[in-house]
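Observations on the model geometry
Below, each chain spelled out in residue letters.
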Amino acid sequence: PMRYGDAAILFRAMSDVDVYEAALRAERVPYLTIAGKGFYERQEIWDVYCLLEALYLPADDLSLATALRSPLFNLSDDALFALRSVTDQDGRPVSLWEALASVDRVPADERPQAAFALDTLRRLRAIAGRVQVAELLRVILETTGYLAVLTGLPDGARRRANLEKLVEIARASRTVTLSAFTQYLKDVTSREVREGEAVLDA
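1. Here's the deal with the nonpolar core
Judged by nonpolar contacts, the single largest core of 51 residues is most densely connected at Leu68 and Leu137. In terms of residues, this core owes the most to one element, helix 2 (residues 43–56), which gives eight residues. Among residues more than four places away in sequence, those in contact with Leu137 are Val48, Leu52, Leu166, Val167, Ala170 and Phe181.

2. So, the packing of helix 2 against helix 3 (residues 61–69)
Packing of helix 2 against helix 3 leaves a shortest axis separation of 8 Å and a crossing angle of 135 degrees. Classified by the interaxial angle, the pair formed by helix 2 and helix 3 is oblique. In this structure, helix 2 meets helix 3 at a crossing whose hand is left-handed. Taken together, the residues of helix 3 that come into contact with helix 2 (itself represented by Trp46, Asp47, Cys50, Leu51, Glu53 and Ala54) are Ser63, Leu64, Thr66 and Ala67. Looking at the contact of helix 2 with helix 3 residue by residue, the class counts come to six nonpolar, two polar and two charged.

3. Thoughts on the packing of aromatic side chains
By convention here, two paired aromatic rings are described through the distance between centres and the angle between planes. A complete count under the given rule lists three aromatic pairs for this structure. With a centroid separation of 6.1 Å and 55 degrees between ring planes, the pair formed by Phe73 and Phe116 is classed as tilted. With Phe73 in the loop between helix 3 and helix 4 (77–84) and Phe116 in helix 6 (residues 111–127), this pair connects stretches of sequence that are 43 residues apart. Since its relative accessible area comes to 4%, Phe73 is described here as buried. Classification of Phe116 as partly exposed rests on a relative accessible area of 32%. The residue whose ring lies beneath Arg125 is Trp97, and the NZ or CZ to ring-centre distance is 5.1 Å.

Rules used throughout
- Residues numbered from 1 in each chain as written.
- Predicted model: local features only at pLDDT ≥ 70, side-chain atom pairs only at ≥ 80, totals over all residues.
- Heavy atoms only, no water.
- Core = buried A, V, L, I, M, F, W, Y, C linked by side-chain atoms within 4.5 Å.
- Buried < 20%, exposed > 50% of the residue type's maximum accessible area, 1.4 Å probe, protein only.
- Helix = DSSP H or I, 4+ residues; strand = E, 2+ residues; numbered from the N terminus.
- Contact = heavy atoms within 4.5 Å.
- Axes fitted to C-alpha atoms, helices over the stretch in contact; angles between N-to-C directions.
- Parallel < 35°, antiparallel > 145°, perpendicular 65-115°, else oblique.
- Left-handed = near helix turned anticlockwise from the far one by under 90°.
- Nonpolar A, V, L, I, M, F, W, Y, C, P; charged D, E, K, R; others polar.
- Phe/Tyr/Trp six-rings, centres within 6.5 Å; stacked < 30°, edge-to-face > 60°.
- Lys NZ or Arg CZ within 6 Å of the ring centre and 35° of its normal.

Now the structure itself:
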């Protein structure tokens, strides 16, 4: 079911909502997703969630790789492959956290990005657990310029608003520990809570 108005089309429940969203974006028709793809499953939310997981669990290579590949740090598949090829003195693969220190192993044109990622991750780990998660998220967004990057992507205003909503959710929770907040995100995602997206002005 849908309702068409002057400024928006509202979709209430559809399994293929991504297809409709893409078509509406292509035609520049404003819309608001009430349900369908959950708020916590949005790519921009997932990118930040994976970064929080990597800060909380440094051994979680998959979460770190997701964050590094995302627009947060924008490393290429080639750079990630090079980092996964780093081994210790016995020829055993090292964790992605350890490999990231080998900036010289990534393609030359990506070394500044890899160095930035390493420096940023170290600074974030130093404050994680010492400040509220909302403040940590604010530092992440400011340091990486992620909000500005999202603004330049298709549907950027909505993506940006979703992240700002996540910061508000974290602020309301007053959570300090990453374990509590990431567990909260896991719980609501696994229960398939259909959190509405952030509302934009018409």
